[in-house]
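# Summary of structural features
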Amino acid sequence: MRSTRQIPPQYRFEIQHALGKQAEQFLDHYFARWYTIQTIDIATEVRDGYDRIFIRKHDQQAIRVEYKADWQAATTGNAFVETISVYEERKPGWAHTSQADMLIYFVPQQGQIFMLPLAALRLILPSWKLRYREVPAPNEGYKTYGILVPLTQFSKFGTMRTVTPMQTI
């Protein structure tokens, strides 16, 4: 008997990295009207789990920001909330480890930007684990796991803005 279960596509680092950099530039440009944006060195990014520091122009308040760009979400309607970064090493995912204050989750093809405080995400995460599927995302040499959370949930616990969709490579 053949299985009808689809195998998720394997992500290639080079492609994901290039698309991610393109999305970062797009988001930096978009948010620059309200914030002075500081990029973070790679060591801090890996260790502390955030990509930028936004400094609000009108009051100089600093906000640590984690960017996520998701090209699958436009098709599936779901965000991939990473719970396990490297399954083989039992390394926790960004939902547990990021030290960011704010998650900015970007769906480039639809021009949707979701802004969700990480504290709110962590409070609702146990409920999402009970309600939604946790699935693997194969990478080269390891698996990542995440919960498939409907994007409508991100709107309930954060803010959503729609911008002109991003054109990719």
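The paragraphs below set out a description of the structure included in this document. (Residues numbered from 1 in each chain as written. Predicted model: local features only at pLDDT ≥ 70, side-chain atom pairs only at ≥ 80, totals over all residues. Heavy atoms only, no water.)

## Points about the environment of Ala 137
Residue position: Ala 137 is located in strand E8 (residues 134–139). In sequence terms Ala 137 and Phe 80 are 57 residues apart; their C-alpha atoms lie 9.3 Å from each other. (Helix = DSSP H or I, 4+ residues; strand = E, 2+ residues; numbered from the N terminus.)

## Focus: the packing of aromatic side chains
The geometry of an aromatic ring pair is captured by two quantities: the separation of the ring centres and the angle between the planes. Following the criterion strictly, the structure yields 13 aromatic pairs and no others. Plain terms: the ring middles of Tyr 30 and Phe 31 are 4.9 Å apart, the flat faces sit at 85° to each other, and that makes the pair edge-to-face. Overall, Tyr 30 belongs to the buried group, its relative accessible area being 12%. Here the aromatic rings of Tyr 30 and Trp 34 are separated by 5.3 Å at their centres, their planes lie at 70°, and the arrangement is edge-to-face. Residue class for Trp 34 comes out partly exposed when judged on its relative accessible area of 33%. One aromatic cluster in this structure is built from Tyr 30, Phe 31, Trp 34, Tyr 35, Phe 54 and Tyr 67. A cation over a ring is seen here: Arg 90 above Tyr 87, with NZ or CZ 4.1 Å from the ring centre. Directly above the aromatic system of Trp 34 lies the positively charged group of Arg 161, at a separation of 4.9 Å from the ring centroid. (Phe/Tyr/Trp six-rings, centres within 6.5 Å; stacked < 30°, edge-to-face > 60°. Buried < 20%, exposed > 50% of the residue type's maximum accessible area, 1.4 Å probe, protein only. Lys NZ or Arg CZ within 6 Å of the ring centre and 35° of its normal.)

By themselves, these figures tell us nothing about what the structure is for.
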